[in-house]
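Summary of the model geometry
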Amino acid sequence: MPQLVTGEAVALDIRVARLASRGCALLLDLFFQMFILNMLLYLAGMTALIADEAWSVGLSILAVALVIVGYPCTFETLSRGRTLGKMAVGLRVVADDGGPIRFRQALVRALAGFVEFFVLYGAPALLTSLFNRRGKRLGDLFAGTVVIQERVPHSALHGPVAVMPPQLAGWARTLEVSMLSDELAMTARQYLSRFWELRPEIRDELGERIARQVLAVVSPPPPPGVRPEIVISAVLAERRRREEWRLWQRQERRRRKQGRAWPPAVQPPAPVPAMAMAGAPPAGPARQGPPAPPPFSAPQPGQPRFLPPPDYGAGPYQQVLNRPPGPPY
């Protein structure tokens, strides 16, 4: 997934609009433009009955310019990057730094769009979109903008991915994670979110590489014989737990300074919410051999999930996932 760097130097994951969705938005905009243009040309032609023919020609030229250039420029400026077609498909034009599009950028895109679509029949826009990593056409390159997918699934934006494996809960409490950077944590989180989309050999190789990078900046080392995705999940879950606890303490100190108390219905987060979310650690010494798989379950709002595909095939949990249906974990 491409990254967008904001003005505060914060890297954000964005979902760039695909060529098909942009094509649908373009067709809808062309339909609206032709409808408006036909109405304006009809009105301009009616002026020839009461005025000189030159007025009719001038108004026709003005109507064409207003519809072809003014329509996208006006809508994208007033609606912060959306035309009628983009609103219907769920797209938005933003600046390269993530900010809203400005009038200058909308005007450059509209003028370039006239040449790309109405003069050269969309060939330059199609070629540049295919070879550009962010799917930009010439107008986007000139204006410094990018078209993003504004409507994304709720599960793609919210909800934790990493859960605390019970067998690593005790080890995770002793971790030193202050050297784990946000960039590396985001890379590990994206790996877990796409764990079941990768082929087994690629997934294992990538997991080993990310696990080595994570373990190089955290201590102490994990118990032997633990798969890399389990270690990564434990580290991220513990990091999230500490961040949630730190944020709650900060809010508590701020409320104490202001002389306010928490409402009775508001409870502080548990000291180990990740453990409580994934279950208590087992009693006695840790079991030797391959660890148990992560908790597979149906998606629940606000709950972590680690869902396998319907046809898992060969992999580390082949015996668990491919067995006949039985009671859930």
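Just above, that's the structure.
An account of the accompanying structure is given in this report. Nothing here was measured: the structure is a model prediction, and the numbers come from that model.

Each value, and the rule that gives it
- Residues numbered from 1 in each chain as written.
- Predicted model: local features only at pLDDT ≥ 70, side-chain atom pairs only at ≥ 80, totals over all residues.
- Heavy atoms only, no water.
- Patch = residues over 30% accessible without salt bridge, like charges linked within 9 Å, V, L, I, M, F, W, Y side chains within 5 Å.
- Areas by Shrake-Rupley, 256 points an atom, 1.4 Å probe, with all protein chains shown as cover.
- Salt bridge = Lys/Arg side-chain N within 4 Å of Asp/Glu carboxyl O.
- Lys, Arg positive; Asp, Glu negative; His and termini not counted.
- Charge placed at Lys NZ, Arg CZ, Asp CG, Glu CD.
- Helix = DSSP H or I, 4+ residues; strand = E, 2+ residues; numbered from the N terminus.
- Buried < 20%, exposed > 50% of the residue type's maximum accessible area, 1.4 Å probe, protein only.
- Pairing = 2+ DSSP bridges.
- Contact = heavy atoms within 4.5 Å.

1. Section: a positive patch on the surface
- Together, Arg 250, Arg 253, Arg 254 and Lys 257 make up a positively charged patch on the protein surface.
- If you trace the backbone, Arg 253 turns up in helix 11 (residues 228–257).
- Assessed through its relative accessible area of 47%, Arg 253 is described here as partly exposed.

2. Thoughts on the pairing of strand 3 (residues 91–95)
- Taken across its 5 residues, strand 3 has 5 buried, putting it largely inside the fold.
- In strand 3, alternate side chains face the same way, and those of Leu 91, Val 93 and Ala 95 on one face and Arg 92 and Val 94 on the other are all buried.
- Sheet analysis places strand 3 next to strand 4 (residues 145–149), joined by 5 bridges and oriented antiparallel. Bridging from a neighbouring strand, Val 94 pairs with Val 146 of strand 4.

3. Focus on the side chain of Arg 239
- Secondary-structure assignment places Arg 239 in helix 11.
- Given a relative accessible area of 18%, Arg 239 falls into the buried group.
- Aside from chain neighbours lying at most four places away, what touches Arg 239 is Leu 180, Ser 181, Asp 182 and Ala 185.

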